[in-house]
Amino acid sequence: MGFIMLFVAAAGIFLLWALSHKKEQPTGESFLVADRNVGPFVGTLTLTANWIQAPALIVSGALAYQGPYHFLALLLPNVAAMILMGILAPKLQQMMRDRGEKWYTIAQAIGSIFGPGARTMMFFSTFGALIFAVAYTLTGIRQWLSQLTGVPPWEMSVIIGAAAFLLVVPRGLLGAILGDKVKVALIGAFSIAVVILLGTHDFASQGPAIAASPMSAWDVLWFVGVPLGISLLGGPICNPDLAERAYAVQAQNVRMAYFGGGFLFALAALVFGSFGFLARSLGYKLTGGQLPMLTILRDVLPEWGLIGVTLIIIAILATALASLLASAGDVFSIEIVNRWFIRDASDRQTVKWSRVAMLIPIVAGTYLTSFEKIDVRLLQESMSVIRGEAIFPLVFAMFAPYTVRESVFWGMLIGWAGGILLTLGWIYPGGAIADILPFTKVHGKSAGALFALVWPLLSCAVGAMVGAEEKRQRLASNPRKAI
C-alpha cells in the first residue's frame, strides 16, 4: 500500500503539472464560481446535492432508530439552515454589487464589512468546516464499507479521495456541478427504488418492536437538538461548497434554489431515515454503530443487489467529496494566497493554487478518518462551535452592516474559545476543565455549542446599537451625507 500511495501522489502531482501547462486554462471566475451564471434548475440540483451528504445518509437512519424526536432534531434544522441561507444569499450578492467588489468566500464578505479580524475568524470557521466535512464524508464511506469488507479506512480514503480529486481538478466548480447532477440522479433513482421496496416487500420480523429512546422531548432537544441544530444552521454558511454556490447561482434565482434544495433534502432524509423507523418496528437490535439501512438491505437483497447499492452510496459520497475539494480552491487561493502572498493574482496563478489546495483536505480528512472510534455523528456535532460562532456575524453583516467592527471580532473570538473550552469538559470528563466546571461532564457539548452561538449574537447586538447611535449622530451633524 505504501507503493500505491506513492503512485497516487506521483500521479496527482503529474496531473497538476500537466494541467498548469495547458494552453487553454479556465479563468478564475469559471474555476471558482462557474462564472456566476448557474441557472435556477441546476442551482437547485447542485445545492440539494451539496446538502445531502454523509449525515443525511448515515445519521438520519441512526437517529430515526432512536425515536421520532431524535430524527426531527436532524430534519428540522437541516431545512431551516437552507431557508436561512436562502434569505441571506440574495442580500449577499446585492451587497457585493453595491460595493463594486467580487466576493468568492463568506470570509471575504465579512472582511469587507467588518474588517480583517472578523475575516480571519470566519476563515478559521470555514477551514475547520471544510476539514470536518471531508472527514465525515470519508468516515461515512468507512462506516458503510467496514461492515462489508476488511479494507483499512485510510486505504479507502486514498482511493476515493483520488477519484474525487480527478473529477474536479481540471475545471473546478464546473466539474463539481457535473458530479452534483450525477449525485442527484443517483439519489433520485435510489429513493424511488426504496419506496418500491418498502411498499412491496414483506419484511420478516426479528422480534418485538424496539422501544424508542426513553429520553424526554426536552432531553432530546438539549442533548441532541442544540449541538446538532447549531452545527446544521451554520453549515451553509461555513461549508465552502454551499457558500461558494451563493455566488455561483444567478442572483435572481439564488433564493429559490436554496429553498428548493431544502425541500428536496427533506424528502431524501425521510427516505434514508425510514430504514431507522423500519428497523425499530421489526425488532432489529443494532449495536456497535450498525447502520439500519445496511442491516436491512443485507437481509432482503441478493448479493449483487447489495453490491449495486454499495456502489451507489460510494458514488454519492465520492461526488460530495469532489464538491468539497473544489471549494477548497476558494478557501486557500482567496483567503491565503491572494490575501497574504499574491494580492493581484492572475487567473493562471489562482487556478494553480486552487488545484494544489485540493490535496490539503484529502490528507487531513484521511488522518481523521483513520481513528475508527470516530463516526459521522460525532464529527457533525463537533462542528457546532466552529459553525455556531459564524451564524450571527453574517446575519448582522447583511441586516446591520453599521455594527461596530470590534464587537464582531471579539464576539467571534470569545464565542469560539469559550465554546471549545466548555466542549472539552464533555470530551475529557477527567480533565482540568471538567474539574473546574463539573456540569460540563454532562452538559459541555450542548453548553459549548450554545455559548458559541449566543456570545457573538450578544456582542453583535451591542455593537449594532452603538453603531446605529454613531450613525444617527453623524447624520444629525451632516444631514446631507448619505451613509
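As a reminder, the structure under discussion sits directly above these lines.
Residues numbered from 1 in each chain as written. Predicted model: local features only at pLDDT ≥ 70, side-chain atom pairs only at ≥ 80, totals over all residues. Heavy atoms only, no water.

A. Structural detail: a nonpolar patch on the surface. Residues Y69, L72 and L76 make up a contiguous nonpolar surface patch of roughly 310 Å² in combined accessible area. Position of L76 relative to the elements: it lies in helix α5 (residues 68-98). (Patch = residues over 30% accessible without salt bridge, like charges linked within 9 Å, V, L, I, M, F, W, Y side chains within 5 Å. Areas by Shrake-Rupley, 256 points an atom, 1.4 Å probe, with all protein chains shown as cover. Salt bridge = Lys/Arg side-chain N within 4 Å of Asp/Glu carboxyl O. Helix = DSSP H or I, 4+ residues; strand = E, 2+ residues; numbered from the N terminus.)

B. How the structure looks around the side chain of N239. One can find N239 in the loop between α11 (235-238) and α12 (240-248). Since its relative accessible area comes to 0%, N239 is described here as buried. (Buried < 20%, exposed > 50% of the residue type's maximum accessible area, 1.4 Å probe, protein only.)

C. How the structure looks around the pattern of salt bridges. Within the structure shown, the criterion is met by five salt bridges. Note that D180 and R245 form a salt bridge whose closest N and O atoms lie 3.0 Å from each other. Placement of D180 in helix α9 (residues 173-200) and of R245 in helix α12 is noted, with a sequence separation of 65 residues between them. The residues D180 and R245 share a single accessibility class, namely buried. Connected through shared salt-bridge partners, D180, E244 and R245 make up one network.

D. Molecular detail of the side chain of S60. Along the chain, S60 turns up in helix α4 (residues 54-66). Only 2.3 Å separates the side chain of S60 from the backbone oxygen of A56, close enough to count as a polar contact. Setting aside residues no more than four positions away along its own chain, S60 makes contact with P55, F71, L74, A269, F272 and G273. (Polar contact = N/O pair within 3.5 Å; in protein donor to acceptor, adjacent residues only side chain to side chain. Contact = heavy atoms within 4.5 Å.)

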